[in-house]
Amino acid sequence: MAAGDSVAGVAEGSSPSQATGSGRGPAVRAVLLTVFYAVAAIAAYFALPPTDLDATNIWAAILLVVVAIAILVVLYLASLRTIGRAEFPVLRALLVIAVFFVTFVLIVAYAYLSLEARYPGQVPGIVTHVDALYFTVTVITTVGFGDISPQGQLARGVATAQMVFTLVFLGALLRSAVNVGRSERQRREDAQADPDGG
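Rules used in this analysis
Residues numbered from 1 in each chain as written. Predicted model: local features only at pLDDT ≥ 70, side-chain atom pairs only at ≥ 80, totals over all residues. Heavy atoms only, no water. Helix = DSSP H or I, 4+ residues; strand = E, 2+ residues; numbered from the N terminus. Buried < 20%, exposed > 50% of the residue type's maximum accessible area, 1.4 Å probe, protein only. Contact = heavy atoms within 4.5 Å. Phe/Tyr/Trp six-rings, centres within 6.5 Å; stacked < 30°, edge-to-face > 60°. Axes fitted to C-alpha atoms, helices over the stretch in contact; angles between N-to-C directions. Parallel < 35°, antiparallel > 145°, perpendicular 65-115°, else oblique. Left-handed = near helix turned anticlockwise from the far one by under 90°. Nonpolar A, V, L, I, M, F, W, Y, C, P; charged D, E, K, R; others polar.

### Brief notes about the overall build of the chain
Looking only at helices and strands, the chain has 6 helices and 0 strands in total. Counting helices and strands in the order they occur from the N terminus, the chain gives α-α-α-α-α-α. Burial statistics for the chain: of 198 residues in total, 38% are counted as buried. Within the chain, residue pairs in contact and separated by at least 24 positions form 72% of the contacts whose partners lie at least 6 positions apart.

See below:
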């Protein structure tokens, strides 16, 4: 049995021996596309210089981040339909979550990087892209090492919004994707067990 069969079968909640080879190609392709997206998004993040914010466009920048996250949520919700139609719905749900998470982290990290570049002292310790990414992940995971923390009012506002979004939306979005995947898998198993529908 190929490794892709095992991954797809385990992702679906079945044993590797129950996974068939028929869906291996699309499942492997979906995983590879997700990895490619993550690598490309991270490369783009590191290639972009911090945005030059000034007093006249700071609110426009904040609005842009909010709109970007809102669009991300809308796209995520729209992708829930594709989960139900996927050959491996749980695997698709996990991949959608991965894309959403990577994109959200990079948007927020870029916001911190740009904020500190234009207004030094808002988030002391953020000097590089890695610093901003590191700080964003510590806030999401609630680790809070304390080596970098928001000091300015704008940075605290962004951090508060990030924490609320993480707690409220990210948890709900993760649950919804997994639930769609599980219910579709259950529906398919029920249909296979009773092909006549009665």
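### Side note on the environment of Pro89
Structurally, the position occupied by Pro89 is in helix α4 (residues 89–118). Of the residues examined, Pro89 reaches a relative accessible area of 1% and is grouped as buried. A C-alpha to C-alpha distance of 7.7 Å links Pro89 and Val180, two positions 91 residues apart in sequence.

### What about the packing of aromatic side chains?
Taken as a whole and assessed by the stated rule, the structure comprises 5 aromatic pairs. Between Tyr112 and Phe135, the aromatic rings sit 4.8 Å apart at their centres with planes inclined by 75°, giving edge-to-face as the arrangement. Placement of the pair is Tyr112 in helix α4 and Phe135 in helix α5 (residues 129–140), with a sequence separation of 23 residues. With a relative accessible area of 3%, Phe135 lands in the buried category.

### What to know about the packing of α5 against helix α6 (residues 153–193)
The angle between the axes and the distance between the axes are what describe a pair of packed helices. Put simply, α5 and α6 touch, their axes get as near as 9 Å, and they point 50° apart. The orientation of α5 with respect to α6, classified from their angle, is oblique. Two packed elements cross with a definite hand, and for α5 against α6 that hand is right-handed. Side by side, α5 and α6 meet where Thr136, Val139 and Ile140 of the first sit next to Gln162, Met163 and Thr166 of the second. The class makeup of the residues in the contact of α5 with α6 is 3 nonpolar, 3 polar and no charged.

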